[in-house]
Amino acid sequence: MGQLHDGASELSVAAYQAALKASQCAADAAGAGALGENETLNATADAAEAAAVAAAEKAGWMRPGQAVPQVSTGMRSPELMSMMHL
């Protein structure tokens, strides 16, 4: 999505890398060994998320202070569940 916004600029690449790191840290914190209860992993994930938001703002992907859209954790469509192989 970032490349659609501004190509492969330095800021776009940095924002992408920060978002990827945040995703990986969140996966580590939520993974089978931690189940979201490891305070160190949770803190690392929170810091990575904050860095990703800052990088996204700097790249112009979102405005400073803009609320991050909330994703419902409720019912999922059969199509989504199929894509996730569940």
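Scroll up a little and you will see the structure.
Here is what the cut-offs are and how they apply
- Residues numbered from 1 in each chain as written.
- Predicted model: local features only at pLDDT ≥ 70, side-chain atom pairs only at ≥ 80, totals over all residues.
- Heavy atoms only, no water.
- Helix = DSSP H or I, 4+ residues; strand = E, 2+ residues; numbered from the N terminus.
- Buried < 20%, exposed > 50% of the residue type's maximum accessible area, 1.4 Å probe, protein only.
- Contact = heavy atoms within 4.5 Å.
- Areas by Shrake-Rupley, 256 points an atom, 1.4 Å probe, with all protein chains shown as cover.
- Axes fitted to C-alpha atoms, helices over the stretch in contact; angles between N-to-C directions.
- Parallel < 35°, antiparallel > 145°, perpendicular 65-115°, else oblique.
- Left-handed = near helix turned anticlockwise from the far one by under 90°.
- Nonpolar A, V, L, I, M, F, W, Y, C, P; charged D, E, K, R; others polar.
- 1 Å grid on protein atoms, 1.4 Å probe; cavity = no way out; pocket = protein on both sides within 12 Å on 5 of 7 lines; lining within 4 Å.
- Points joined across faces, edges and corners; volume = space filled by probe spheres on them.

*Asks:* What exactly am I supposed to notice about the overall build of the chain here?
*Replies:* A tally of helices and strands in the chain yields four helices and zero strands. Each helix and strand of the chain, placed in order from N terminus to C terminus, yields the pattern α-α-α-α. The buried share of the chain, taken over its 86 residues, is 17%. Restricting to contacts in the chain with at least 6 residues of sequence separation, those with at least 24 account for 52%. Of the roughly 6,600 Å² of accessible surface on the chain, 60% is carried by carbon and sulfur atoms.

*Asks:* Explanation requested: the packing of helix α2 (residues 10-30) against helix α3 (residues 39-59) in the structure shown.
*Replies:* When two helices pack together, their arrangement is captured by the angle between the axes and the distance separating the axes. Axis separation between α2 and α3 bottoms out at 8 Å; the angle between their running directions is 160°. Considering the angle they form, α2 stands roughly antiparallel to α3. The two elements α2 and α3 cross, and the hand of that crossing is left-handed. Of the residues in α3, those touching α2 at L11, S12, A14, A15, A18, A19, K21, A22, C25, A26, D28 and A29 are L41, N42, T44, A45, A48, E49, A51, A52, A55, A56, K58 and A59. Split by residue class, the contact of α2 with α3 holds 17 nonpolar, three polar and four charged.

*Asks:* Before we go on, may I ask you to explain the layout of surface pockets in this structure?
*Replies:* Over the atoms, a rolling probe the size of a water molecule traces out where space has been left empty. Estimates place the volume of the largest pocket at around 160 Å³. Forming the walls of the largest pocket are ten residues, and the residues nearest its centre are A19, A52, V53, A56 and M62. Here the lining of the largest pocket gets four residues from one element, more than from any other, and that element is α3. The residue makeup of the lining of the largest pocket, split by class, is nine nonpolar, no polar and one charged.

*Asks:* Could you clarify how one ought to interpret unusual backbone geometry in this entry?
*Replies:* Glycine aside, residues mostly have negative phi angles, and peptide bonds mostly take the trans form. Phi at L35 takes a positive value of approximately 50°, unusual for a residue other than glycine. With respect to the helices and strands, L35 occurs in the loop between α2 and α3. The class for L35 is exposed, based on a relative accessible area of 60%.

It is worth stressing that arrangement in space is one thing and function is another; only the former is reported here.
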